[in-house]
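Secondary and tertiary structure notes
Okay, here's what each chain looks like letter by letter:
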Amino acid sequence: MAWSENMDTLLANQAGLDAFRTFLKSEFSEENVEFWLACEDFKKTESAERIASKARMIYSEFIEADAPKEINIDFSTRDLISKNIAEPTIKCFDEAQKLIYSLMAKDSFPRFLKSEIYKKLINSQQVGTHKKWLPFL
């Protein structure tokens, strides 16, 4: 599977992303990929009004202390976002997003590739492939 090669390919593939989210849920860290996806969606926002409302939503859900899905970022990054949230820009979460991406790529992704969730997915994909060629399976 191509998306097993790197994080970018995984995040761009719906089946890979779904499996990765399931894995992160099992590790109680799904907030990382949810934050990353929210940032990707946020970057596509065009109107200043929508930027402000989406930024507040992301901030309250992932950044502020005791947020429901608080991500693990360093104090200086959190502090910078907190200072800039009053007048957010399309790049206001970039540093935090890079940190979370790096955390997932270096920590979660390698563990995902060794997980039972990944192994089951690979097996089901292989069985599906064989069925196309061997209709009696």
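The structure contained in this document is the topic of the report that follows. (Residues numbered from 1 in each chain as written. Predicted model: local features only at pLDDT ≥ 70, side-chain atom pairs only at ≥ 80, totals over all residues. Heavy atoms only, no water.)

This paragraph deals with the packing of aromatic side chains. All told, the structure shown has eight aromatic pairs when counted by the stated rule. Arranged with centres 5.5 Å apart and planes meeting at 65°, the rings of Phe35 and Phe62 form a pair that is edge-to-face. Taken as a pair, Phe35 in helix α3 (residues 31-43) and Phe62 in helix α4 (residues 48-63) lie far apart in primary sequence, 27 residues in all. Comparing Phe35 with Phe62, the two get one shared label, buried. Ring centres of Phe112 and Tyr118 lie 5.4 Å apart, and the angle between their planes is 65°; this geometry places the pair in the edge-to-face category. (Phe/Tyr/Trp six-rings, centres within 6.5 Å; stacked < 30°, edge-to-face > 60°. Helix = DSSP H or I, 4+ residues; strand = E, 2+ residues; numbered from the N terminus. Buried < 20%, exposed > 50% of the residue type's maximum accessible area, 1.4 Å probe, protein only.)

Time to look at the side chain of Glu31. With respect to the secondary-structure elements, Glu31 resides in helix α3. No salt bridge is formed by the buried Glu31. Its closest oppositely charged neighbour is Lys69, at 8.5 Å. (Lys, Arg positive; Asp, Glu negative; His and termini not counted. Salt bridge = Lys/Arg side-chain N within 4 Å of Asp/Glu carboxyl O.)

The next point concerns the environment of Arg21. Of note, Arg21 is situated in helix α2 (residues 14-26). Taking the relative accessible area as the measure of exposure, Arg21 reaches 29% and is therefore partly exposed. Between the C-alpha atoms of Arg21 and Glu34, which are 13 residues apart in sequence, the distance is 8.4 Å. Dropping the residues within four chain positions of it, Arg21 is found in contact with Glu30, Val33, Glu34 and Leu37. (Contact = heavy atoms within 4.5 Å.)

Relative to the helices and strands, Trp36 is located in helix α3. Distance from Trp36 to Lys98, taken between C-alpha atoms, is 8.7 Å for residues 62 residues apart in sequence.

One pass over the structure, following the stated rule, counts zero disulfides. Free of any disulfide, Cys39 has its nearest cysteine sulfur in Cys92, 8.0 Å distant. Overall, Cys39 belongs to the buried group, its relative accessible area being 2%. The class for Cys92 is buried, based on a relative accessible area of 14%. (Disulfide = S-S within 2.5 Å.)

Moving on, we get to the nonpolar core. By size, the foremost hydrophobic cluster in this structure holds 34 residues, and its most contacted members are Phe20, Phe35, Ile63, Phe93, Met104 and Phe112. Elements represented by at least two residues in this core include exactly α1 (7-12), α2, α3, α4, α6 (94-114) and α7 (116-133). (Core = buried A, V, L, I, M, F, W, Y, C linked by side-chain atoms within 4.5 Å.)

With their axes 10 Å apart at the nearest point, α3 and α6 run at an angle of 140° to one another. In terms of orientation, α3 and α6 fall into the oblique class. As α3 packs across α6, the resulting crossing turns out to be left-handed. Along the contact surface, α3 presents Asn32, Val33, Phe35, Trp36, Cys39, Glu40 and Lys43, while α6 presents Asp94, Ala96, Gln97, Ile100, Tyr101, Leu103 and Met104. Class assignment for the residues of the contact of α3 with α6 results in nine nonpolar, two polar and three charged. (Axes fitted to C-alpha atoms, helices over the stretch in contact; angles between N-to-C directions. Parallel < 35°, antiparallel > 145°, perpendicular 65-115°, else oblique. Left-handed = near helix turned anticlockwise from the far one by under 90°. Nonpolar A, V, L, I, M, F, W, Y, C, P; charged D, E, K, R; others polar.)

Turning our eyes to something else, we now look at the packing of α4 against helix α5 (residues 75-84). Put simply, α4 and α5 touch, their axes get as near as 11 Å, and they point 150° apart. Regarding the angle of α4 to α5, the classification is roughly antiparallel. Along this stretch, α4 crosses α5, giving a crossing that reads as left-handed. Counting all contacts with α4, which are made through Tyr59, Phe62 and Ile63, the residues of α5 involved are Arg78, Ile81 and Ser82. Residue classes in the contact of α4 with α5 are distributed as four nonpolar, one polar and one charged.

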